[in-house]
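Structure assessment
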Amino acid sequence: MSDNVVLVGCGNMGFAMLKGWLDAGILQPNQVTVVEPTPALLERAASLGVNAVDDASKVEDDLAPRIILVAVKPQVMRDVLPSYARFAGTSTFVSVAAGIKVAFFEEHLGASAAIIRTIPNTPAAIGKGMIVTFRNAHVADDNAAFVDRLLETSGAVAAVDDESLIDVATAVSGSGPAYVFHFIEALTEAGVHAGLERKTAEILAMQTVFGAGALAASSEDTPTKLREQVTSPKGTTAAALDVLMGADRLKNLVIEAVSAAHKRAVELGNQA
């Protein structure tokens, strides 16, 4: 089988992934077929030199794609999938749709279809995402590894071996950027309250979060160790952490928040 890839849907996430594959040299433009019914999005994809078509019927049967990555909204998935069932015996399907379980794909593509379910988060659009994957028993190891290479152009990739953990990943990393954005908002307001001009407070808050995250990601030390390194006894940082960490205040609040998101992810998944 060739390394041809069909990308179904080329909105912001799909286009960012496509560009990442091409920029990294994992795929050449002639290996990618994009199916996108919206003219402006189709034209944008075609500008990268890939084969761009507006309907699944224009994907030739003999293309034999190794991977079909489905990047459409969950609510249209039921209408989109049947057109690709003809490839279920040979291709591995990859979904980036939130809340759509593997069983849904097996229902529409066949029980023996090879399916990888993924949960990316919004920073994947700039190559800094966190993507969590789960695959069913029909996905070959080499195809799973190939999909990981594709996804790694959008950020870090981690696999779980129990699909129910996708809901946990949704609560931690899927929704997680919003938690961080809110912390930036809160740190900004704290700076303003203490006397900084808002614009100055905003850049201090954003750059501090960015720099701390980059340091944590690049350091061999754990976040705990890094925190301890910048916390002088009876210093300014210690005074602040006494508030945040006293009675495990912040940790318990985050656990409560993630638990609420997890519960809602399970509810939404059961409704899909």
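Use the structure listed above.
All of the points below concern the structure found in this document.

**Concerning the overall build of the protein chain**
Check the secondary structure of the protein chain and you find eleven helices and eight strands. Taking the principal axes of the C-alpha coordinates as reference, the protein chain spans close to 70 × 35 × 35 Å. Within the protein chain, the proportion of its 272 residues that are buried is 38%. In the protein chain, the share of contacts with a sequence separation of at least 24, taken over all contacts with a separation of at least 6, comes to 62%. Accessible surface, the protein chain as shown: approximately 15,000 Å² in total, 58% of it carbon and sulfur. Both charge centroids of the protein chain, one from 21 positive and one from 31 negative side chains, sit 6 Å from each other.

**Points about the packing of aromatic side chains**
Evaluation of the coordinates by the stated rule reveals one aromatic pair. Ring geometry for Phe104 versus Phe105: centroids 6.1 Å apart, planes at 80 degrees, classification edge-to-face. Since its relative accessible area comes to 11%, Phe104 is described here as buried. The side chain of Arg44 reaches across the aromatic face of Phe15, ending 4.1 Å from its centre. Cation over ring: Arg66 sits above Phe146, and NZ or CZ is 4.4 Å from the ring centre.

**Notes on the sheet that holds strand E5 (residues 92-95)**
Pairing in this open sheet of eight strands is mixed, and the strands run E3-E2-E1-E4-E5-E6-E7-E8 from one edge to the other. Because the sheet does not close on itself, it has two edges, and the strands there are strand E3 (51-53) and strand E8 (155-159). Taking each pair of neighbouring strands and ignoring which way they run, the sheet shows an average axis angle of 20 degrees. Here five bridges tie strand E7 (residues 129-135) to E8, and the two strands are oriented parallel to one another. Within the sheet, the bridge partner assigned to Met130 lies in E8 and is Ala156. Contacting strand E6 (114-119) and E7, helix H6 (residues 165-174) crosses the sheet at an angle of about 180 degrees to E7.

**Considering the layout of surface pockets**
The calculated volume of the largest pocket comes to roughly 2,400 Å³. Val180, Phe183, Val209, Ala212 and Gly213 are, among the 48 residues lining the largest pocket, the residues nearest its centre. Broken down by secondary-structure element, the contributors of at least two residues to the lining of the largest pocket are E7, helix H7 (176-194), helix H8 (198-218), helix H9 (223-229), helix H10 (236-245) and helix H11 (249-271). Counting residues per element, the lining of the largest pocket draws most heavily on H7, at twelve residues. Among the residues making up the lining of the largest pocket, the classes are represented as 35 nonpolar, eight polar and five charged. Its boundaries defined by the atoms lining it, the second largest pocket holds a volume of some 690 Å³. Ala71, Val72, Lys73, Pro74 and Val96 are, among the 30 residues lining the second largest pocket, the residues nearest its centre.

**Things to note about the pattern of salt bridges**
Under the criterion given, the structure shown has ten salt bridges. The residue Asp23 makes a salt bridge to Lys19 at a minimum N-O spacing of 3.0 Å. Of this pair, Asp23 and Lys19 both sit in helix H1 (residues 12-24), four residues apart, which is roughly one turn of that helix. Residue classification places Asp23 among the exposed positions, given a relative accessible area of 58%. Take Lys19: its relative accessible area is 36%, and that puts it in the partly exposed class. In this structure, the salt-bridge partner of Asp141 is Arg135, at a minimum N-O distance of 3.0 Å. The class of Asp141 is exposed, set by a relative accessible area of 57%. The structure contains a network of salt bridges with shared partners spanning Asp3, Arg66 and Asp142.

**Thoughts on the side chain of Arg66**
Looking at the secondary structure, you find Arg66 in the loop between E3 and strand E4 (67-70). When its relative accessible area of 13% is taken as the criterion, Arg66 is described as buried. Within the structure, Arg66 has its side chain in polar contact with the backbone oxygen of Asp142 (distance 3.2 Å).

About the cut-offs
- Residues numbered from 1 in each chain as written.
- Predicted model: local features only at pLDDT ≥ 70, side-chain atom pairs only at ≥ 80, totals over all residues.
- Heavy atoms only, no water.
- Helix = DSSP H or I, 4+ residues; strand = E, 2+ residues; numbered from the N terminus.
- Buried < 20%, exposed > 50% of the residue type's maximum accessible area, 1.4 Å probe, protein only.
- Contact = heavy atoms within 4.5 Å.
- Areas by Shrake-Rupley, 256 points an atom, 1.4 Å probe, with all protein chains shown as cover.
- Lys, Arg positive; Asp, Glu negative; His and termini not counted.
- Charge placed at Lys NZ, Arg CZ, Asp CG, Glu CD.
- Phe/Tyr/Trp six-rings, centres within 6.5 Å; stacked < 30°, edge-to-face > 60°.
- Lys NZ or Arg CZ within 6 Å of the ring centre and 35° of its normal.
- Pairing = 2+ DSSP bridges.
- Axes fitted to C-alpha atoms, helices over the stretch in contact; angles between N-to-C directions.
- 1 Å grid on protein atoms, 1.4 Å probe; cavity = no way out; pocket = protein on both sides within 12 Å on 5 of 7 lines; lining within 4 Å.
- Points joined across faces, edges and corners; volume = space filled by probe spheres on them.
- Nonpolar A, V, L, I, M, F, W, Y, C, P; charged D, E, K, R; others polar.
- Salt bridge = Lys/Arg side-chain N within 4 Å of Asp/Glu carboxyl O.
- Polar contact = N/O pair within 3.5 Å; in protein donor to acceptor, adjacent residues only side chain to side chain.

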